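Descriptive analysis of the structure
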Amino acid sequence: MRIEKCWFCSGPIYPGHGIQFVRNDAKIFRFCRSKCHKNFKMKRNPRNTAWTKAYRQSHGKELIKDAVYDFEKKRNVPEKYNRELVGTVLRAMQKVSDVKEKRQKAFFEKRMAPGKAQEKQQALKEIAWEEDRISSVMKPVKAEGVKTELIAPPKTKVKAAPAKQKTLVATKAKQKTAIKMEED
């Protein structure tokens, strides 16, 4: 079972899927879906179409030159079936895919690092701007000949009961509870 690549978007084409177009010179073009086939018929360049792998690679959004991609090359030399060889190939394929994922992740993080620094700088600018706005609201603005003050809620004076009265009330309450306890 061979998984082919789409000529336009480089996506996988599984057996029994996709469209094949054979040109007059016997060149075979395989497409994963009608979207790719229609774009091919409209003579669009995959490097200028934003959703294709060719576009992403040509604009530096994906990893291009890496030794891992050499393993994905098509090999047309048939080999005799050997169970041990198949087992080692499958283990090697798993290791290659793990390495490929790690390298792609590192490439992505490296590509996004300047953007994160820029976002952090922008956030700090916004915080400073908001702090300036808040502090300007709290500062009084002086106009010519006008007396200005900060707006504050009016102060109300509350008379508190003297401390002696509170203690007398508390002791009377304790005495009443003590008398009730003795009666029960």
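Described in the following lines is the structure provided in the data block.

Reading the values: rules and limits
- Sequence order sets the numbering: in each chain, residues are counted from 1 along the sequence as written.
- Since the coordinates come from a predicted model, pLDDT governs what is reported: local features require at least 70, and pairs of side-chain atoms require 80 or more to be given and counted, while whole-chain, interface and lining totals use all residues.
- Side-chain metrics rest on all non-hydrogen atoms present in the structure, leaving aside hydrogens and water.
- Here the aromatic set is Phe, Tyr and Trp, taking the six-membered ring for Trp, and pairing holds for ring centres within 6.5 Å; pairs whose planes are under 30 degrees apart are stacked, those over 60 apart are edge-to-face, and all others are tilted.
- For a lysine, the NZ atom is tested; for an arginine, the CZ atom; a charge sits over a ring if that atom is within 6 Å of the ring centre and within 35 degrees of the ring normal.
- Salt bridge, as used here: a side-chain nitrogen of Lys or Arg that lies within 4 Å of a carboxyl oxygen of Asp or Glu.
- The classification of residues rests on relative accessible area computed with a 1.4 Å probe and restricted to protein chains. Under 20% of the type maximum is buried, over 50% is exposed, and intermediate values are partly exposed.
- Each helix is a run of DSSP H or I of at least 4 residues and each strand a run of E of at least 2, with the numbering of both proceeding from the N terminus.
- Any two strands with at least two DSSP-identified bridges between them are counted as paired.
- By definition, the arc is the one covered by directions from the helix axis to the C-beta atoms.
- Contacts are residue-level and defined by heavy atoms, with any inter-residue pair within 4.5 Å sufficient.

Further remarks concern the packing of aromatic side chains. A complete count under the given rule lists 7 aromatic pairs for this structure. Pairwise contacts between aromatic rings join Trp-7, Phe-21, Phe-29, Phe-31 and Phe-40 into one cluster. In this structure, Lys-35 packs its charged tip against the face of Trp-51, placed 4.0 Å from the ring centre.

Under the definition given, this model contains 1 salt bridge. The residue Asp-25 makes a salt bridge to Arg-23 at a minimum N-O spacing of 3.1 Å. Accessibility expressed as a relative area gives 38% for Arg-23, which makes it partly exposed.

So, about the pairing of strand β4 (residues 28-31). Here β4 shows one buried face, formed by Phe-29 and Phe-31, and one open face, formed by Ile-28 and Arg-30. Relative to β4, strand β3 (residues 19-22) runs antiparallel, the two being bridged by 4 bridges. In the sheet register, Ile-19 faces β4, and the bridge partner there is Phe-31.

Okay, helix α1 (residues 34-41) next. Among the residues of α1, those classed as buried are Cys-36, His-37, Asn-39 and Phe-40. Looking straight down α1, one finds its buried side chains confined to an arc of 165°; they lie on one side. In α1, the exposed positions angled more than 90 degrees off the buried face are occupied by Lys-38 and Lys-41. Where α1 is buried, its residues meet β3 and β4. Phi turns positive, to about 60°, at Lys-43, one or two residues after α1.

Bear in mind that shape data such as this cannot, by itself, settle questions of function.
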